[in-house]
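Residues per chain are reported as follows:
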Amino acid sequence: MHEMALTESIVDILSEEARRQGFGRVRVVRLEIGALAHVEPAALSFCFDAVARGTVAEGAALDIIRAPGEGWCLDCGKTVPLTERFGACPDCGGRRVQMTSGDELRIQELEVD
Ligand SMILES: [Zn+2]
């Protein structure tokens with residue numbers, strides 16, 4: 001379950017930010033997860049509660065925002081929605097689609113005390 005490793009790195013970042021910015025507690029973590037990122041939000045939340053225990057992020061709410069997948073179709077020469085990582089172009093059915101967004105996993109915003 002790679003959500004556990006991801007959660008550990010998120011909590012590491014939060015602890016580091018707390019040291020740097022001098023806050024004592026994280027109340028809300030707004031996390032952007034791309035639709036194509038192969039991350040299960042429910043699993044991530046579950047891991048987060050466990051990993052955050054005893055850290056600045058203990059009891060913090062995880063607010064997950066799903067970013068849609070998008071790709072650039074070389075055949076159409078335009079941006080098209082993607083529902084899977086190596087999916088075909090929904091317009092022309094071509095397979096030469098380069099993913100341009102949808103695999104992000106990043107902390108967008110924090111609410112702290
Ligand atoms: Zn196309």
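These remarks concern the structure in this document. (Residues numbered from 1 in each chain as written. Predicted model: local features only at pLDDT ≥ 70, side-chain atom pairs only at ≥ 80, totals over all residues. Heavy atoms only, no water.)

### Thoughts on unusual backbone geometry
Phi is positive for His 38, close to 55 degrees, though the residue is something other than glycine. Take His 38: its relative accessible area is 55%, and that puts it in the exposed class. (Buried < 20%, exposed > 50% of the residue type's maximum accessible area, 1.4 Å probe, protein only.)

### Remarks on the environment of Ile 33
With respect to the helices and strands, the residue Ile 33 is situated in strand β1 (residues 26–34). Sequence separation of Ile 33 and Ile 65 is 32 residues, and the distance between their C-alpha atoms is 6.1 Å. Aside from chain neighbours lying at most four places away, what touches Ile 33 is Val 39, Leu 44, Ile 64, Ile 65, Arg 66, Ala 67, Glu 104 and Leu 105. (Helix = DSSP H or I, 4+ residues; strand = E, 2+ residues; numbered from the N terminus. Contact = heavy atoms within 4.5 Å.)

### Describing the pattern of salt bridges
Taken as a whole, this structure holds ten salt bridges when the rule is applied. Arg 20 is the partner of Glu 17 in a salt bridge, and the nearest nitrogen-oxygen pair spans 3.0 Å. In this pair, Glu 17 and Arg 20 are both assigned in helix α1 (residues 2–21), three residues apart and thus about one turn of the helix distant. As a salt-bridge pair, Arg 96 and Asp 75 come within 2.7 Å of each other at their nearest N and O atoms. Within this pair, whereas Arg 96 is found in the loop between β4 (78–81) and β5 (97–101), its partner Asp 75 is found in the loop between β3 (70–73) and β4, the two being separated by 21 residues in sequence. What you see here is one network of salt bridges that share partners, running through Arg 30, Asp 63, Glu 109 and Glu 111. (Salt bridge = Lys/Arg side-chain N within 4 Å of Asp/Glu carboxyl O.)

### Some thoughts on helix α2 (residues 41–52)
Compared with the 16 Å implied by 1.5 Å per residue over twelve residues, the 16 Å span of α2 between its first and last C-alpha is a close match. Taken together, the buried positions of α2 are occupied by Pro 41, Ala 43, Leu 44, Cys 47, Phe 48, Val 51 and Ala 52. The buried residues of α2 occupy an angular sector of 150 degrees when the element is viewed end-on, so they sit on one face. Projecting away from the buried face of α2 at angles above 90 degrees are the exposed residues Ala 42 and Phe 46. Lining the buried residues of α2 we find α1, β1 and β2 (61–67). Gly 54 sits one or two residues past α2 and shows a positive phi near 80 degrees. (Expected span 1.5 Å × (residues − 1). Arc of directions from axis to C-beta.)

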